[in-house]
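Working through the structure, step by step
The residues making up each chain are set out below.
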Amino acid sequence: EAQVTQNPRYLITVTGKKLTVTCSQNMNHEYMSWYRQDPGLGLRQIYYSMNVEVTDKGDVPEGYKVSRKEKRNFPLILESPSPNQTSLYFCASSAQRVEAAFFGQGTRLTVV
Amino acid sequence: GNSVTQMEGPVTLSEEAFLTINCTYTATGYPSLFWYVQYPGEGLQLLLKATKADDKGSNKGFEATYRKETTSFHLEKGSVQVSDSAVYFCALKPNSGGSNYKLTFGKGTLLTVNP
């Protein structure tokens, strides 16, 4: 079954404690990206990757890092989380530029 | 830059009512257009798409037509069901102009259908 898998689904952490949200896709897609969803703001892109070792900033990259060492994985790293990073995060992947994206189930992160 | 504007709702309808959720966009060139649906507690799922002007996307009784002249992609369904209750997102994806073919989303419209 084609899918994008994120872990964990829910996470509560404290300010400053480094965390990683994993994302994996089994469709051999080149393009992957991270979004955050906030009430009244919709979804905003954090980072994206066109292929292995190729990543770039989206609209709201501050406070986040990513890496793309393998085609299937695209982890999101928060080196020093802050409360304003409390949000619902989605990973997405797609095969080509005009193709629709597949989304993961989401990770609800709370930073206290 | 690119932008998507959709009616924010919430929209509350009775079962079997007609649904329209308006979506207009601003973009250079000819983007691909999408409607995504997010059921409670779940991720976004593609509902339908259109990749060029005058295309009609359809799925599960929902339809939307890519109107280049009015830069619109309104979502419609003739008879909604309780199971259609969800948040609906209109989105566009550029087909040119760089390497970041990111989705630009509207803010979402919450639809509640009552029995």
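Everything discussed here concerns the structure shown above.
Bear in mind that the values here come from a model prediction, so they are computed numbers and not experimental data.

What counts, and where the lines are drawn
- Residues numbered from 1 in each chain as written.
- Chains lettered and ligands numbered in written order.
- Predicted model: local features only at pLDDT ≥ 70, side-chain atom pairs only at ≥ 80, totals over all residues.
- Heavy atoms only, no water.
- Phe/Tyr/Trp six-rings, centres within 6.5 Å; stacked < 30°, edge-to-face > 60°.
- Buried < 20%, exposed > 50% of the residue type's maximum accessible area, 1.4 Å probe, protein only.
- Helix = DSSP H or I, 4+ residues; strand = E, 2+ residues; numbered from the N terminus.
- Lys NZ or Arg CZ within 6 Å of the ring centre and 35° of its normal.
- Pairing = 2+ DSSP bridges.
- Axes fitted to C-alpha atoms, helices over the stretch in contact; angles between N-to-C directions.
- Core = buried A, V, L, I, M, F, W, Y, C linked by side-chain atoms within 4.5 Å.

It is worth spelling out the packing of aromatic side chains at this point. Applying the stated criterion across every chain yields a total of twelve aromatic pairs over all chains. Summarising the aromatic geometry, the rings of F34(B) and Y36(B) are spaced 6.0 Å apart at their centres and angled 40° between planes, so their arrangement reads as tilted. Neither residue differs from the other here; F34(B) and Y36(B) are each classed as buried. Ring centres of Y36(B) and F105(B) lie 6.0 Å apart, and the angle between their planes is 55°; this geometry places the pair in the tilted category. In this pair, Y36(B) is assigned in strand β5 (residues 32–38) and F105(B) in strand β11 (residues 104–105), connecting sequence segments 69 residues apart. For the residue pair Y36(B) and F105(B), the accessibility class agrees, reading buried in each case. Grouping aromatic residues by their ring pairs yields a cluster made of Y35(A), F90(A), F103(A), F34(B), Y36(B), F89(B) and F105(B). Across the ring face of F74(A), the terminal group of R68(A) is positioned such that the distance to the ring centre comes to 6.0 Å. Positioned above the aromatic ring of Y31(A), the side-chain terminus of K93(B) is 5.7 Å from the ring centre.

Our next topic: the sheet that holds strand β3 (residues 19–21) of chain B. By definition, the strands of a sheet pair up through backbone hydrogen bonds, in either a parallel or an antiparallel sense. Residue and element names in this part refer to chain B. Read across the open sheet, the four strands follow the order β3-β9-β8-β7; overall the sheet is antiparallel. Single-partner strands in this sheet number two, and they are β3 and β7 (56–59). For this sheet, the mean angle separating the axes of adjacent strands, direction not counted, is 15°.

Let us now look at the sheet that holds strand β3 (residues 19–25) of chain A. With antiparallel pairing, the four strands of this open sheet are ordered in space as β1-β3-β8-β7 (chain A). Two strands lie at the open edges of the sheet, namely β1 (4–7) and β7 (65–66) of chain A, each paired on one side alone.

Before going further, it helps to examine the nonpolar core. With 26 residues, the main nonpolar core has L19(B), W35(B), L47(B), L48(B), F73(B), L75(B) and Y88(B) as its most contacted residues. Broken down by secondary-structure element, the contributors of at least two residues to this core are β2 (11–14), β3, β4 (23–26), β5, β6 (44–50), β8 (62–65), β10 (86–93) and β12 (109–114) of chain B. If one sorts the elements of this core by residue count, β10(B) sits on top with four residues. By size, the runner-up hydrophobic cluster in this structure holds 19 residues, among which are V21(A), I46(A), V60(A) and Y89(A).

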